[in-house]
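Inside the fold
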Amino acid sequence: MLIKATTIYKTYWNEESSVGREVLKGLDFEVDKGEMIAIMGPSGSGKTTLLNLLGTLDRPDSGKITLDGKALSALKTEEILNIRNKNIGFVFQFHHLLPQCSLLENVLLPSLPDKKNKKELREKAEELLKLIGIWEQRNNKPGELSGGECQRAAVARALINSPDLLLADEPTGQLDEKNAKLLMDLLSDINKKLNITIIIATHSLEIAERMDKIYMLREGKLEIKN
């Protein structure tokens, strides 16, 4: 088992009024290595919150999350940062590529702390750009490319450190139908070739139905969709 979340609670507080909005309410969740999981639910249901907790970008108010057997709450800040950089990849609705950098440079950004393996990492970045079909655009900057090409580069960036887990928050939200399908084909291919666990938050049932399992997030808890 790669991920286990047990009795997760998360509330967001309005500092001015001291009123809290409980988003996750005793949520339980388990994911095996290599699975492709879709999380669905209406806006505001907590999909992004859950991904942020699983990706160590935030912490639950209570409950326990383990990643590959390690209890995240027991780790020091430096250990959390190392796990986030090495073991988890992120793809967001907006690609967030740096406009002043080429696609190749953008893909390499998460690997910058690694000073010892620059040559190997550059070769890995080049292989990823070939794998996702934008090798010829490697020296172009984001402003010179389509949204679909930029989102593909964002996937390559998420994979540069060979993570065990890829978290994607509405990754096709800014893409047309054709590019959305191409991106999902790419993620499915990556899952099969690299055995990377993928969790996608999405509003699209068409996308969700391509996953191994679909969960609905309702009233702060997950229910598997049959």
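**Some points on the overall build of the protein**
Looking only at helices and strands, the protein features seven helices and 10 strands. C-alpha extents for the protein along the principal axes are approximately 50 × 40 × 40 Å. When burial is assessed residue by residue, the protein has 47% of its 226 residues classed as buried. Nonlocal contacts in the protein, meaning residues at least 24 apart in sequence, comprise 71% of its contacts between residues at least 6 apart. In the form shown here, the protein has an accessible surface area of approximately 11800 Å², with 48% of it arising from carbon and sulfur atoms. Across the protein, the 32 positively charged side chains and the 33 negatively charged ones have centroids separated by 4 Å.

**A few points about empty space enclosed by the protein**
Evaluation of the coordinates by the stated rule reveals one cavity of 30 Å³ or more. Taken as a whole, the largest cavity spans an internal volume of roughly 50 Å³. The wall of the largest cavity is formed by Thr-48, Leu-51, Asn-52, Phe-90, Val-91, Phe-92, Leu-167, Ala-168 and Asp-169. When contributions to the lining of the largest cavity are tallied by element, the ones reaching two or more residues are α1 (47-54), β6 (88-91) and β7 (165-169). A breakdown of the residues in the lining of the largest cavity according to their chemical character gives six nonpolar, two polar and one charged.

**Considering the packing of aromatic side chains**
Geometrically, a pair of aromatic rings is defined through the distance of the ring centres and the angle of the planes. Applying the stated criterion across every chain, the model contains two aromatic pairs. Considering the side-chain rings of Phe-29 and Tyr-215, the 5.2 Å spacing of their centres and the 90° angle between planes classify their relative orientation as edge-to-face. Of this pair, Phe-29 sits in strand β2 (residues 19-31) while Tyr-215 sits in strand β9 (residues 213-218), placing them 186 residues apart in sequence. Note on Tyr-215: relative accessible area 11%, which makes it buried. When the centroid spacing of 5.9 Å and the interplanar angle of 0° are considered together, the rings of Phe-90 and Phe-92 count as stacked. Residue class for Phe-92 comes out partly exposed when judged on its relative accessible area of 30%.

Criteria and cut-off values
Residues numbered from 1 in each chain as written. Predicted model: local features only at pLDDT ≥ 70, side-chain atom pairs only at ≥ 80, totals over all residues. Heavy atoms only, no water. Helix = DSSP H or I, 4+ residues; strand = E, 2+ residues; numbered from the N terminus. Buried < 20%, exposed > 50% of the residue type's maximum accessible area, 1.4 Å probe, protein only. Contact = heavy atoms within 4.5 Å. Areas by Shrake-Rupley, 256 points an atom, 1.4 Å probe, with all protein chains shown as cover. Lys, Arg positive; Asp, Glu negative; His and termini not counted. Charge placed at Lys NZ, Arg CZ, Asp CG, Glu CD. 1 Å grid on protein atoms, 1.4 Å probe; cavity = no way out; pocket = protein on both sides within 12 Å on 5 of 7 lines; lining within 4 Å. Points joined across faces, edges and corners; volume = space filled by probe spheres on them. Nonpolar A, V, L, I, M, F, W, Y, C, P; charged D, E, K, R; others polar. Phe/Tyr/Trp six-rings, centres within 6.5 Å; stacked < 30°, edge-to-face > 60°.

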